[in-house]
Amino acid sequence: MVGSCNGLVCLYVPYADPIYICNPVTGEYVYLPKVDKKVQDIAGGFGYLRTLDVYKVVRIYYPVYRGKGLVQIYTLGNSSGWREIGEIEHSMDSYPGVLANETLYFRVDCEKNILALDLASEEFYILPKPPFLSERNISHQLKVVRGCLCIVHSKKGENVEIWSLKNTQNNCSQIGKDCDSWRWSLDYSMRWFGHTSNFFEPLAFTKNNKLLIWSYLHTLCCYDPQIKDLRSIVEYPMTFDTIPHINSTVSLKSLGIEECGKEMEDDPSKSEGKLVRTMCDNHILDSVHPGKGYFD
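Note that the coordinates shown come from a computational prediction; the quantities given were computed from them, not determined experimentally. (Residues numbered from 1 in each chain as written. Predicted model: local features only at pLDDT ≥ 70, side-chain atom pairs only at ≥ 80, totals over all residues. Heavy atoms only, no water.)

Caption draft 1: Geometry of the state of the cysteines. What the rule picks out here adds up to zero disulfides. Among the cysteines around Cys 150, which has no disulfide bond, Cys 148 carries the closest sulfur, lying 6.2 Å off. (Disulfide = S-S within 2.5 Å.)

Next up, the structure:
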């Protein structure tokens, strides 16, 4: 899965090409044109510009392994299709970009940097490097918690930390290449839970300020910041990826996509308090909707 924006979901198809867009509620879907060149690797991202009500799909493909990346952007509803916006020297890893403040953020392989793509200006810049990325025997993931870009910093078998990028001054409302007032801040630190090969993905906060965390592809956990307690809530008999998702009735046709298909009719009210699994052309989107009092 690439990402979810305002009810629309972007999924990879084989060979990691981010070309499948669907709305699980309305059942509408569309396949964007596939990359028409031989490639060694592809990085993808999906974003929404709320100020312009525009959805953009980003594809960075590498004709040569560890070579230059060619950057393409597809604006949904725009008849121009994939647009080439240039090249980048950085080699992205296999994780999709994450969206915060109308900007996509990517992990740069080997360099341990974070590359940002401003979706409005369509320009790249490097973020300030977190202080711990030079440490050995750690793993880190880019995530978004409460609208802020975060890094999940895991010391295998010891602890898990969640750092967020915050503004230290009031003269800069959004992260940008010309703003140096942003610093990484440690928000949460929790003791390791489960096997040493485990990993943790923060999903969302509940109404009573507890953090839902997806662990090891099959376990939903809950972290209470007040008592610093991390515990398992539900363990599923199968493994799958998760992304935060909010249902909407945004129509692909209303965005100007006339050639979109439609698979199903669904009533969003029926998903309350359940684990909802929506099948869209043999792709699976899983999202958790906790019922009232479930995480009290």
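Caption draft 2: Structural view of the pairing of strand β3 (residues 17-22). Across the six residues of β3, six count as buried, placing the element largely inside the fold. Here strand β2 (residues 8-13) pairs with β3 via four bridges, running antiparallel. Paired with Cys 10 across the bridge in β3 is Ile 21. Relative to strand β4 (residues 28-31), β3 is paired through three bridges, and the arrangement is antiparallel. Within β4, the position partnered with Tyr 20 by the bridge is Tyr 31. A loop of five residues connects β3 with β4, the two strands running antiparallel in sequence, and Gly 27 in this loop sits at a positive phi of about 80 degrees. (Buried < 20%, exposed > 50% of the residue type's maximum accessible area, 1.4 Å probe, protein only. Helix = DSSP H or I, 4+ residues; strand = E, 2+ residues; numbered from the N terminus. Pairing = 2+ DSSP bridges.)

Caption draft 3: View of the side chain of Ser 91. Within the secondary structure layout, Ser 91 lies in the loop between β8 (82-88) and β9 (98-100). In this structure Ser 91 comes out as buried when scored by relative accessible area, which is 13%. With residues up to four places along the chain from it excluded, the contact list for Ser 91 reads Tyr 62, Arg 66, Val 108 and Asp 109. (Contact = heavy atoms within 4.5 Å.)

Caption draft 4: Inspection of the sheet that holds strand β5 (residues 41-49) at higher detail. Sheet architecture is open: four strands sit in the order β5-β6-β7-β8, paired in antiparallel fashion. Each edge of the sheet is formed by a strand with only one pairing partner; in this case those strands are β5 and β8. For this sheet, the mean angle separating the axes of adjacent strands, direction not counted, is 20 degrees. Where strand β6 (residues 54-62) and strand β7 (residues 69-75) come together, six bridges link them in antiparallel fashion. When the bridges of β7 are listed, Tyr 61 appears paired with Leu 70. (Axes fitted to C-alpha atoms, helices over the stretch in contact; angles between N-to-C directions.)

Caption draft 5: Just the pairing of strand β10 (residues 103-108), in detail. Buried residues dominate β10, accounting for six of its six residues. Across the two faces of β10 the burial is the same, with Thr 103, Tyr 105 and Arg 107 and Leu 104, Phe 106 and Val 108 all buried. Taken together, the three bridges between β9 and β10 define a ladder with antiparallel strand orientation. Residue pairing in the sheet places Val 98 in a bridge with Tyr 105 of β10. Remark: two residues form the turn of the hairpin made by β9 and β10, two consecutive strands paired antiparallel; Asn 101 in that turn has positive phi of roughly 55 degrees. Two elements, β10 and strand β11 (residues 113-118), share six bridges in a ladder whose sense is antiparallel. For Phe 106, the partnering residue across the bridge sits in β11 and is Leu 115.

Caption draft 6: Representation of the nonpolar core within the structure. By size, the foremost hydrophobic cluster in this structure holds 27 residues, and its most contacted members are Ile 21, Leu 32, Phe 46, Tyr 55, Val 57 and Leu 76. Mapped by element, the contributors of at least two residues to this core are β2, β3, β5 and β6. Ranked by the residues each element gives to this core, the list is headed by β2, at six residues. (Core = buried A, V, L, I, M, F, W, Y, C linked by side-chain atoms within 4.5 Å.)

Caption draft 7: Here's a closer look at the packing of aromatic side chains. With the rule as written, the count across this model stands at ten aromatic pairs. Consider the rings of Tyr 20 and Tyr 29, whose centres lie 6.0 Å apart with planes at 20 degrees: the pair is stacked. Owing to a relative accessible area of 0%, Tyr 20 belongs among the buried residues under this scheme. Pairwise contacts between aromatic rings join Tyr 20, Tyr 29 and Tyr 31 into one cluster. Above the face of the Trp 82 ring, Arg 59 is positioned so that its terminal group lies 3.8 Å from the ring centre. If you follow Arg 146 out to its NZ or CZ, it ends over the ring of Phe 205, 3.6 Å from the centre. (Phe/Tyr/Trp six-rings, centres within 6.5 Å; stacked < 30°, edge-to-face > 60°. Lys NZ or Arg CZ within 6 Å of the ring centre and 35° of its normal.)

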